[in-house]
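Chain by chain, the residues:
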Amino acid sequence: MISKVKTGVLRGIQGIEVEVETDISRGMPNFFIVGLAGTSVKESKERVKSAIKNSGFDFPISKIVANLSPANIRKEGVHLDLPIAIGILNSSKEIKNDVKDVAFLGELSLSGKILEIDGALPLAIEFQKKGIKRLILPEGNKEEVGILKGIEVYPVKNLNEVVDYLNQNKDIKAYKINTSKNEFESPKIDFKNIKGQKLAKRAIEVAASGMHNIIINGPAGSGKTMIASATSGILPDLNFDESIEITKIYSIRGENKNREFITKRPFRAPHHTTTHAALCGGGRNAYPGEISLAHTGILFLDEFPEFDRKVIESLRQPLEDREVTVSRMDITTTYPSDFMLIATMNPCPCGNYGTDKDCSCNNRDFFRYKRKLSAPILDRIDIQIDVKRVEFKDIIGESEEESTDIIKRRIENVHKIQKERFKDENIHFNSQMKCEQIKKYCNIDEESLCFLEMIFEKYSLSARSFNNILKLSRTVADMDLSEKIEKHHILESVQYRNRISGENFNV
Amino acid sequence: MYKNIENFKSHILNKEVKKEEFRNKEAWIFLNNLKSVNNRHIKTIEETFDEEVEYIFRASNKEINNLRISEKARKEIIDNRREEFLIEILKDLDKKEVNITTLIDEEYPENLKNIPDRPRVLYYRGSLKEDDSYSISVVGPRKPSNYGIYVVQKLVDELSKYGIKIISGMASGIDTHAHMVALRNKVRTIAVLGTGVDIIYPSHNRNIYKKIIERGAVVSEFPLGTKGLPYNFPKRNRIISGYSLGTLIIEAEERSGTLITCNHALEQGREVFSVPGNINSMSSKGTNSIIKQGAKLVDCIDDILEEIVDFKDIKKDYKDIEYDIDFDKEENQIIETLRKNPKTIDELSEQTEINIIELNSLLTILELKGKVNKLNDGKFSL
């Protein structure tokens, strides 16, 4: 008898519905899995066999064929164990009821235990779209999927439980949550603990308000990393759609701790030895990389010029398009990568140039380091600030500093203003404005225009850095709750402009 | 403009040239473009042929083989004594818009004429002017300290306001800053290169190179296409110091290229000015030690102006434009605070008690008014 069981496979971030057809017929006792099964699916044969036996069911001594349809897509993933097992049990009448309106996901252990899987959320979303009403999935995955509406989620622990439930011998309650606990721990560093560095704090607040990319330049020990780490605390929480998007990506990689639904913005800090496949995504299955894991949040690249040149340049397109397309032999997929970049750099490789200490770099290294960042990359970084080594009196000082919570509340407000402004556009933040949008939303009066012209002349700015200043001015004006961009907004923004690329060559 | 090919007298290979049509020019260009012939060889040739270098074209092979120069050089001269060889060079010069001037030409820099081992041939792009001799050479390391950058910006700014031309080497660091400040003040500036004038080295100075050609000249004694060879740079340093009336040393480590320039200046009998620095700073060790040896200590440009006789007249041209601009109360407060030493925005905010947001705007205005400058370590200075 033929049984049909619904499940799915992942294609990048997208789930695809797959049907497992199982046929038990007379013939040499054997077990085949067909339908372009990958290694992990082929191996499931042994797991399924043992799990069925060890759960106290009979494994049919006949010819068993499990077909994964559609048969033209390559299938990877251990989550097909459970649907294949259910297919066999259904065919052999261990499960009497029809299972057509249920989808199954889960990895089996030899003892019949059901283990948690990667990519539960994107698959569940696909089932929900296809109108499947019930989803049986591992207990460990319930937190990330439980938030979905329109599909009932039944978390299970072992194969027996599933069979009992399907035979209506046991009732399992559908799991439902409304809000989730926060996935990312609040950063350990609070802004009130960062003494001094007023300029850096202000610049970071501007950057976070408009999600502008920022590069912090300063010698070793100036607190660059500390400021960057604290920044994740001042970003507003995610809305539901953003949460779904980012949880999907984490779900594929199995990176979300306890497989929870993510509501806080991610903060990713890959080390500078990262390869460009790890950063932008890749591997045989075209997995998402760090820039996609940082989607909606912060990508923090410490010691930016120490990254491989190829790795740095690979950021050009994602920074512009806010998404990245990863192509591998079997699969081409596009991941969102809309992040705020925080980069840090030293004044020179040894980190002492321009301080009281003597710089020990030779000329060649020194200039190579400076040239490592190309103009196209620097052009995409709106803000550049210099920080100094913290002074002793600042470290022990008892000065009152603003706490992360106060700053966060202000930024939430600015994000709200931008959301309202861009509700008809396909962007969310000031930093994402393109030429026409800048023209539309960055109106300035005669006097300010005059100033801008002077600035343009004096620093011989490029068209792009000119636009960057306008975008920054828009953010600064928003922070001031001002509808119009005033002169002082522009003047402040000019101080934040990126000077590394120009290298003061404003003759 | 010197049209190299047009002016070329093809009859120089003709044996019946009269003494009056003395054409050392082509001969010098010819010798300068031979790889194994150096300045010392040229001097020997000049002496042997009684200053009539162009005889090199008409001399018999035997006469050339009797010259007391290296064998390689003799062979190269004999092999290349063809009209085509010279025409090739001149065509290349024309194509790349490079001009040439030799010791006997009018444009040849006056100051260079009387230094030992003066270059016979100078290639240049841009223009050479007679009053370029009223100039100061500015030298320093490629990797200056913040203090060095501060000094070069301040002193060159003031020098160029007096209309004094700035000579330097277009290397990274102090040289670049010196050229930049001069260009900003619309004063002629001349870059003496250690490569051929068609080679931009370091390559990221391309912008400055173009600007210098527009408002001054890039000059080199090396044939076109000469790459940045390490032993050429100390050689060109003698031209940097020889080109001007005095050499201003901003910063120097012990045993640095900058000190080589200083020694050249002394040999040439030119003034050496040195800016003192902290005794614990590596990059001021050299400048302090030459002050000890008798170089003139400079802490303001009057020290330079009073030392050089030719600058006495120039002084009158100086116009102080600072008084044309008004500053409001807060701007004045910032200026007063910065008068002591350069400061970061954080330090300024603390001392003036103006908040960061407002301070950013004020500093932009002051930058626009040309009163303050942002140094490359993020500090602001007057």
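This one's a predicted model, so the numbers in the text were calculated from it and none came from an experiment. (Residues numbered from 1 in each chain as written. Chains lettered and ligands numbered in written order. Predicted model: local features only at pLDDT ≥ 70, side-chain atom pairs only at ≥ 80, totals over all residues. Heavy atoms only, no water.)

Caption draft 1: Layout of the interface of chain B and chain A. Listed by partner, the interface residues are 39 residues for chain B and 33 residues for chain A. The junction of chain B with chain A conceals about 3300 Å² of combined surface from both sides, 56% of it contributed by carbon and sulfur atoms. Its largest share of buried area at the contact with chain A, chain B owes to Lys143, Leu368 and Lys374 of chain B, together 21% of the area lost on that side. Applying the counting rule to chain B against chain A returns zero salt bridges. (Contact = heavy atoms within 4.5 Å. Buried area = accessible area lost by both parts, 1.4 Å probe. Salt bridge = Lys/Arg side-chain N within 4 Å of Asp/Glu carboxyl O.)

Caption draft 2: Representation of the confidence of the model for chain B in the model. Residues and elements named next belong to chain B. Put simply, chain B has an average pLDDT of 85, and 91% of its residues get 70 or more. Segment residues 11-15: pLDDT under 50, and 15 contacts once partners within four positions in sequence are set aside and those in other chains are kept. Our summary of model confidence lists the complex with pTM equal to 0.81 and ipTM equal to 0.77. (pLDDT = per-residue confidence, 0-100.)

Caption draft 3: Layout of a positive patch on the surface. Taken together, the side chains of Arg309, Arg364, Arg368 and Arg371 of chain A present a region of like positive charge at the surface. Looking at where arginine 368 of chain A falls in the secondary structure, it is placed in helix H14 (residues 363-371). (Patch = residues over 30% accessible without salt bridge, like charges linked within 9 Å, V, L, I, M, F, W, Y side chains within 5 Å. Areas by Shrake-Rupley, 256 points an atom, 1.4 Å probe, with all protein chains shown as cover. Lys, Arg positive; Asp, Glu negative; His and termini not counted. Charge placed at Lys NZ, Arg CZ, Asp CG, Glu CD. Helix = DSSP H or I, 4+ residues; strand = E, 2+ residues; numbered from the N terminus.)

Caption draft 4: Region of the structure containing helix H8 (residues 224-231) of chain A. Residues and elements named next belong to chain A. Across the eight residues of H8, six count as buried, placing the element largely inside the fold. Along H8, the positions that sit buried rather than exposed are Lys224, Ile227, Ala228, Ser229, Ala230 and Thr231. Residues of H8 that are buried make contact with helix H7 (198-210), strand S10 (214-217), strand S11 (267-268), strand S14 (298-301) and strand S17 (340-345). (Buried < 20%, exposed > 50% of the residue type's maximum accessible area, 1.4 Å probe, protein only.)

Caption draft 5: Expanded view of the confidence of the model for chain A. All names here are of chain A. When pLDDT is averaged along chain A, the result is 87, and 96% of the positions lie at 70 or above. Element-level mean pLDDT values for chain A span from 70 in helix H16 (residues 392-396) up to 95 in strand S6 (residues 107-108). Below pLDDT 50 for its whole length, residues 502-507 participates in 19 contacts with residues either more than four positions away or in separate chains.

Caption draft 6: Structural context of unusual backbone geometry. Going from serine 69 of chain A to proline 70 of chain A, the amide bond is cis rather than trans, its omega being 5°. The residue proline 70 of chain A is located in the loop between strand S4 (63-69) and helix H3 (81-91) in this model. In the segment running from tyrosine 201 of chain B into proline 202 of chain B, the intervening peptide bond is cis, with an omega of -5°. Relative to the helices and strands, proline 202 of chain B resides in the loop between strand S5 (189-192) and helix H11 (206-214). One non-glycine residue, leucine 36 of chain A, lies in the positive phi region at around 55°. Along the chain, the position of leucine 36 of chain A falls in the loop between strand S3 (30-34) and helix H1 (39-42). Look at leucine 36 of chain A and you get partly exposed, because its relative accessible area is 44%. The phi dihedral of aspartate 50 of chain B is positive, around 60°, even though this residue is not glycine. The residue aspartate 50 of chain B is located in the loop between helix H3 (39-48) and helix H4 (55-58) in this model. Under the relative-accessibility criterion, aspartate 50 of chain B is labelled exposed at 57%.

Caption draft 7: Quick look at the packing of aromatic side chains. All names here are of chain A. Under the definition given, this model contains 13 aromatic pairs over all chains. Summarising the aromatic geometry, the rings of phenylalanine 240 and phenylalanine 261 are spaced 5.8 Å apart at their centres and angled 35° between planes, so their arrangement reads as tilted. Placement of phenylalanine 240 in helix H9 (residues 240-253) and of phenylalanine 261 in the loop between H9 and S11 is noted, with a sequence separation of 21 residues between them. Residue phenylalanine 240 is classed as partly exposed on the basis of its relative accessible area of 39%. Taking 5.1 Å as the distance between ring centres and 85° as the angle between the ring planes, the aromatic pair formed by phenylalanine 366 and phenylalanine 367 counts as edge-to-face. Residue classification places phenylalanine 367 among the buried positions, given a relative accessible area of 15%. (Phe/Tyr/Trp six-rings, centres within 6.5 Å; stacked < 30°, edge-to-face > 60°.)

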